Amino acid sequence: MLKQHVLVELKHFVQAVTSHRGNPKKLKNNTLLRSSLHLLEDLPSAREIIFEYFSIVAEVAVQNYVANANVDFSTGLPLRPGKKGNGPSSANNNVPTQPSVMEDSSWSAVQEALENLVVKGPSAWGPVIAAWSLDLVGKLSDKYTKRKMSIVAACNYWLNCGAMRGLLTLISLSFRKLTNAEKEACVETLLAAFQRYSLSFDWVVARLGGCFPLSIITQILLCSLKRFAEDYRCRFDSEISILDYLSFAHEQELKQALNDLLKDGFNPKKTLDACIIPFLLVMATIADALLQNLVVVFLKMYNDDLRQTIIQKAPLWMSNKIFAEMQPSLNSLALRLKSNGAKLLIAVSQMADQYTWCQDFLEYTLQDLEQVVLNATVCPLMNDLATEDSKYLLWKTCLSANIFEQQTAVRLLLIVSTQHSHIYYQTISELLRKCYLANSNGLGAVIRIIAGQSGVVEFPGIKPGLQMVLEDVLLQEQFKHTRLGMDAQSGALNTFKNLNMLTKMQNKHSFQCMKQSLLPNILNDCLPKILQILEVTVTKVVLRMKKKATETSTEKFKESSNNSNGGDINAEKKKLKADARAEAMDVDNSDEDTKIIIGIPLTDPDEKEEEENDAKRRILAHTIIDLLNTIEAGLKGTVIRTTEVLKLAILSVKYFFLALTEKSSISRSSAVNRAYSLLARQCSARKAARTACIRELVEGALFYYGYLFGQYEEPDVDQLEIPEHEMVLQQNQRHSLGQSANRTILHAGVIGRGLRPDFIAKAQKGCPAVTQTLLLKALDACCTSADNRNSVEGYSMISLLLVEMVSTDVMYNGLPFPDEEFTKVTMERDLMIRRAFTTSPVLWALLGFIAAHRPALCFSSVLLRAMCATCLHQWRAKNVNKYQSVDPSDELMLCTKKLLQLLAMGQLLPPPLSNLHVIIQHFEPPEIALLLKECIWNYLKDHVPSPALFHVDNNDLHWRNPHMSKIPPQYVDTLRNIMQKKLTKLGQHYYQMFIMPELNDTNAATLEETTISKGVEENTIKA
């Protein structure tokens, strides 16, 4: 039985509690408080009256806090003392201070006792105290909340109250002691309290929801769904505030709850499930946090199967009266997305070709975004589009074959570029490098991007974007020294193919969305960077050309040397290699399943891969030159610095020589035609470009690219491969004839390999006709002027350059022919010139080319003089052997005939000497030497090859009229006498050269006399 004093104490306690007569403050005395604590410990069955007393104590503490609190209701934080925060305006005039909790001594004792009871007492107290605390917090919050505050402000406000903070502490302690079943019951209690005090209890649910967030979030969503199904016009302010508060710390639980709801919504099994999708859309229009997480969950679930499910279920939602009357603003949802907005819009665009509602949604959304740009405002979606992930996604989508998907990405990029110009530049660079080969449909995206955003005044220009892509290509080309990666090559090639195609389209006015000549003008401004890329590309190809030419020349020399010595010079070398292989160590290579001999490479480098890279570089060079022709680089009206003019000229000539090595005749023809156009345009526009182009062409044909024109290259001494023990110096050191021996005498051995065979005659095949013709056409393109097509300035420049490059002496390079005795002074120089013509047969073609454009050949008089002198002395030397026959195909005879042809073509020899090259092979060596001395040399000595001999006719052509200057007989009598001795062979030529001109002159004189006599008779008759 209970003790008597406990019952008495209970009786007094009940009377005191029930007789406070509306003044709860009377109950706050220490005696009554101690009695309640003793009764709770000794008499648990009286907990209801005791908890009622505790509620009164808590309420008194809350009353005191509310009466004395000076807070800013917008934030819930206390203000400075003496300031009243009675409205929103006060928040602007007062500065919030750090919160301080207002404690109550009576409540502190109650809280301590209840905490001890929860922690140390039986577990049954947990649910009881939790339920009582939840109900009390709801009542007090509902009763003493003066105005509606946000959850954050309400938490700040009520947690400064010691009683409310203590109640929440008791609830959280009780929750930790509960079982799963008891937790579910408490969650129901919490939600039930929330439903009773929904306007003022939301901060409690948000604060305590962290104890079991998934359950709270799920139950709040389900409760809100039921309310929505009953009345879709209801408001969810409290629910949204709770979910928004919980989403900061429990985002994963919110996503899980949304995922479960979406699965039920896409596969409805109950009547309520059909309202899930409309409900989530309505909630998303209100809460940004819910919107962001909903989009993330949806995109994670989205696939082709889900898309078909949406298509099938859409009629069910549309037929629903709730959904039909609701009409949520999906466009505004898209603009509020802080992440994954681009991904969502692209997902919608993938279905736009099948469903018109997707097209409408995209169009409205994009129009709203454009309006944001025009109003110079910002929105969350705009910030999302500027992120790196969205940027790469849109770039990738621009290459899509789906036109809706591609154009959506393009419009989004243009919109975000209005506020972030660097994205526009990066987009131009990215699309130009990837859209051509990856997907030709991407070219439409490039066109739309370059055209810019209409209606925006200060939209970024395309020049920085083009400079960026050219800089990227240049870096890729420069740092790929020997092996060029596939990505780098395709990126560079795509860039220039795209630029070339776009420029051609704009020149043809194929699209009107761009300003006329915008792209060509900007590319001309970017010409220095284009030339740098072309220089890197062409230089690599040229280096490989020279490497292959050197290897071929060495092999030919070795082959001809071996054949001339009748044996294999490399026998000893091969023997040494064989010995080395026998002595070397074999090493197993497990990775490649091959064997390697140390010190001796058994395999050559990957020649096939190198050939492929070389072919790709050639294609890139062709494309760049094609682009330069399309933008008309070097045109007269464009402004170009002198350095760019010279670099363009040099690279144009390098490309021309590169084009000559194309294997296919069609590709070679196309390449040289590109070079012709480029050379002709820049040479006709600027004299500096013409000078540089002509010099590079002539110098390249004679020195750097002579292997393309049949040039013979002298082998190095090391290529003779003479073993050290066979050297003549080593052999003579073995002979010791005493101290008094003459050390300057060679006693044994052969110098080198003996008399050097005539490799030049064996290897010489003449200048290839095809490459020779192409070279002369290139020179003609440089020399031809658009203003004066008969100008000889360029051809005269070629003549002077030949003298500069071939003649080894700066003296005696004038036009006059000296006395024949003077040739002894310049014999060495003449022999060097003669050898240049022998090793570089293209010199004959160049002289023939300038001879056809009189009087340019006059400036090469020193070359003609050297050739004539050497031929004259060689023909004289043949008199030693009187029985030596003349071979018509002999090198000396061919050289003499070519020389006479040049003199005749340049009109430096008048008739009949101009026909001497036709009959020269019929004469003996002494006769040829006599003709060269008496007829050719003496005539040119007395009649200096000078431009003054030529006059200009009405067509601006330089011409030398033979009828106006008869050749004196002393220069032709020798030829006449020799031909008279050979009339049986040369009768017809003698008639054409001597008889026919005399008959023509006689007939002309007779006709003139007859005309004069008739005129005199007519005048006499008239008189």
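As shown above, the structure is provided for reference.
Since we're looking at a predicted model, the values are computed, not measured.

**Here's the deal with the overall build of the chain**
Right, on to step 1. When helices and strands are counted, the chain shows 46 helices and 6 strands.
Right, on to step 2. Put simply, the chain has 1023 residues, and 47% of those count as buried.
Right, on to step 3. In the form shown here, the chain has an accessible surface area of approximately 52200 Å², with 53% of it arising from carbon and sulfur atoms.

**Here's the deal with the packing of aromatic side chains**
Right, on to step 1. Tallied over the full model, the rule gives 16 aromatic pairs.
Right, on to step 2. When the centroid spacing of 4.3 Å and the interplanar angle of 15° are considered together, the rings of Phe657 and Tyr705 count as stacked. In this pair, Phe657 sits in helix α32 (residues 642-660) while Tyr705 sits in the loop between α34 (687-704) and α35 (728-733), placing the two residues 48 residues apart along the sequence. Note on accessibility: Phe657 and Tyr705 belong to one class, buried.
Right, on to step 3. Each ring, one from Tyr795 and one from Phe849, has its centre 5.5 Å from the other, and the planes form 55°; the classification is tilted. Here Phe849 lies in helix α40 (residues 842-851) and Tyr795 lies in helix α38 (residues 793-806), a separation of 54 residues in the sequence.
Right, on to step 4. Judged by relative accessible area, which is 2%, Tyr795 ranks as buried.
Right, on to step 5. Here a set of aromatic residues connected by ring pairs shows up, and it is made of Phe656, Phe657, Tyr676, Tyr705 and Phe709.
Right, on to step 6. A cation over a ring is seen here: Lys546 above Tyr705, with NZ or CZ 5.5 Å from the ring centre.
Right, on to step 7. Between Arg865 and the ring centre of Phe817, over which it is positioned, the NZ or CZ distance is 6.0 Å.

**A closer look at the nonpolar core**
Right, on to step 1. If you look at the biggest cluster of nonpolar residues, it comprises 287 residues, and the most contacted ones within it are Leu628, Phe656, Phe923 and Leu975.
Right, on to step 2. Excluding residues that lie within four positions of it along the chain, Phe656 makes contacts with Val672, Ala675, Tyr676, Leu697, Leu774, Leu775 and Ala778.

**What to know about helix α41 (residues 861-877)**
Right, on to step 1. For α41, which comprises 17 residues, the first-to-last C-alpha distance of 24 Å matches the rise-based estimate of 24 Å (1.5 Å per residue) to within 8%.
Right, on to step 2. Within α41, 13 of the 17 residues are buried, leaving the element largely enclosed by the surrounding structure.

**Quick word on the packing of helix α3 (residues 47-68) against helix α6 (residues 125-144)**
A pair of packed helices is captured by two measures, namely the crossing angle of their axes and the spacing between those axes.
Right, on to step 1. Where α3 meets α6, the axes come as close as 11 Å, and the angle between the chain directions of the two elements is 35°. Here the hand of the crossing between α3 and α6 comes out right-handed. Here α3 contributes Arg47, Phe51, Phe54, Ser55, Ala58, Glu59, Val62, Gln63 and Val66 to the contact with α6, which in turn contributes Trp125, Val128, Ile129, Trp132, Leu136, Leu140, Lys143 and Tyr144.

**Observations concerning the environment of Thr623**
Right, on to step 1. With respect to the helices and strands, Thr623 occurs in helix α31 (residues 607-630).
Right, on to step 2. Its relative accessible area of 7% is what places Thr623 among the buried residues.
Right, on to step 3. Sequence separation of Thr623 and Leu493 is 130 residues, and the distance between their C-alpha atoms is 7.4 Å.
Right, on to step 4. Those residues within four positions of Thr623 in sequence are excluded, and the remaining contacts are Leu493, Phe496 and Lys497.

**Section: the packing of helix α19 (residues 341-349) against helix α23 (residues 403-417)**
Right, on to step 1. Where α19 meets α23, the axes come as close as 8 Å, and the angle between the chain directions of the two elements is 150°. Here α19 lies roughly antiparallel to α23, going by the angle between them. Regarding α19 and α23, the two cross each other, and that crossing is right-handed. Side by side, α19 and α23 meet where Leu345, Ile346 and Ser349 of the first sit next to Phe404, Glu405, Thr408, Ala409 and Leu412 of the second.
Right, on to step 2. When grouped by side-chain class, the residues that make up the contact of α19 with α23 number 5 nonpolar, 2 polar and 1 charged.

**Things to note about the side chain of Asn500**
Right, on to step 1. When you line up the elements, Asn500 lands in helix α27 (residues 486-507).
Right, on to step 2. Engagement of the side chain of Asn500 in a polar contact is seen with the side chain of Asp626, the distance being 3.1 Å.
Right, on to step 3. If near-sequence neighbours (up to four positions away) are discounted, Asn500 is found in contact with Asp626, Leu627 and Thr630.

**Some words on the pattern of salt bridges**
Right, on to step 1. What the rule picks out here adds up to 28 salt bridges.
Right, on to step 2. Between Glu251 and Lys255 there is a salt bridge; the shortest N-O distance is 3.7 Å. Here Lys255 and Glu251 lie together in helix α13 (residues 251-266), a separation of 4 residues that amounts to about one turn.
Right, on to step 3. For Glu251, a relative accessible area of 37% corresponds to the partly exposed category.
Right, on to step 4. Under the relative-accessibility criterion, Lys255 is labelled buried at 19%.
Right, on to step 5. In this structure, Glu644 and Arg641 form a salt bridge, with 2.9 Å as the shortest nitrogen-oxygen distance.
Right, on to step 6. Arg641 gets classed as exposed once you look at its relative accessible area, which sits at 56%.

**A look at the side chain of Ser946**
Right, on to step 1. Structurally, Ser946 is set in the loop between α44 (925-942) and β5 (951-952).
Right, on to step 2. On the basis of relative accessible area, Ser946 is assigned to the buried category, the value being 19%.
Right, on to step 3. Setting aside anything within four residues of it in sequence, one finds Ser946 in contact with Leu815 and Cys858.

**Comments concerning a nonpolar patch on the surface**
Right, on to step 1. Together, Val810, Met811, Tyr812 and Val825 give the surface a local cluster of nonpolar side chains, amounting to about 430 Å² of exposed area.
Right, on to step 2. The topology assignment puts Val825 in the loop between α38 and α39 (827-839).

**Considerations on the environment of Leu208**
Right, on to step 1. Here Leu208 shows up in helix α10 (residues 202-208).
Right, on to step 2. Its relative accessible area of 3% is what places Leu208 among the buried residues.
Right, on to step 3. Separated by 36 residues in sequence, Leu208 and Ser172 place their C-alpha atoms 7.2 Å apart.
Right, on to step 4. Aside from chain neighbours lying at most four places away, what touches Leu208 is Leu134, Leu168, Ile171, Phe175 and Leu190.

**Topic: unusual backbone geometry**
Right, on to step 1. That bond from Arg854 to Pro855 is cis: its omega, 0°, falls within 30 degrees of zero.
Right, on to step 2. Looking at where Pro855 falls in the secondary structure, it is placed in the loop between α40 and α41.
Right, on to step 3. Here the residue pair Pro911 and Pro912 is connected by a cis peptide bond, since its omega of 5° sits within 30 degrees of zero.
Right, on to step 4. Checked against the element boundaries, Pro912 lands in the loop between α42 (891-905) and α43 (916-919).

The rules we used
Numbers given for residues are sequential positions, taken from 1 along each chain in its written order. Totals for whole chains, interfaces and linings use all residues, but because this is a predicted model, local features are given only for residues with pLDDT of at least 70 and pairs of side-chain atoms are given and counted only at 80 or more. Note that the side-chain values use all heavy atoms of the structure and ignore hydrogens as well as water. Working definition: helices are DSSP H or I runs of at least four residues, strands are E runs of at least two. Numbering for both runs from the N terminus. Each residue is assigned to one of three classes by its accessible area relative to the maximum for its type, calculated with a 1.4 Å probe on protein chains only: buried under 20%, partly exposed between the two thresholds, exposed over 50%. Each accessible area is a Shrake-Rupley estimate made with a 1.4 Å probe; only the visible protein chains count as cover when residues are assessed. Note on ring pairs: Phe, Tyr and Trp rings are taken, using the six-membered ring of Trp, and paired if centres are within 6.5 Å. Classes follow the plane angle, with under 30 degrees stacked, over 60 edge-to-face and the rest tilted. Definition used: whenever NZ (Lys) or CZ (Arg) falls within 6 Å of the ring centre and also within 35 degrees of the ring normal, the charge is taken to sit over that ring. Among buried residues, the Ala, Val, Leu, Ile, Met, Phe, Trp, Tyr and Cys ones that are joined through side-chain atoms within 4.5 Å form a nonpolar core. Any pair of residues with heavy atoms lying within 4.5 Å of one another is described as a contacting pair. To estimate how far a helix should extend, the number of its residues minus one is multiplied by 1.5 Å. Helix axes are fitted to C-alpha atoms over the stretch in contact, other axes to C-alpha atoms as well, and angles between N-to-C directions run from 0 to 180 degrees. A crossing counts as left-handed when the near helix is turned anticlockwise from the far one by less than a right angle, and as right-handed when that turn is clockwise. The cut-offs work like this: below 35 degrees is roughly parallel, past 145 is roughly antiparallel, 65 to 115 is roughly perpendicular, and the gaps in between are oblique. Side-chain classes follow a simple rule in which Ala, Val, Leu, Ile, Met, Phe, Trp, Tyr, Cys and Pro form the nonpolar group, Asp, Glu, Lys and Arg form the charged group, and the remainder, Gly included, forms the polar group. In the analysis that follows, any N or O atom pair within 3.5 Å is treated as a polar contact, provided that within protein one partner can donate a hydrogen and the other can accept it, and provided that, for residues neighboring in sequence, both atoms belong to side chains. Salt bridges are defined as contacts in which a side-chain nitrogen from Lys or Arg sits within 4 Å of a carboxyl oxygen from Asp or Glu. To count toward a patch, a residue needs a relative accessible area over 30% and no salt bridge; like charges are then connected within 9 Å, while nonpolar side chains (Val, Leu, Ile, Met, Phe, Trp, Tyr) are connected within 5 Å.

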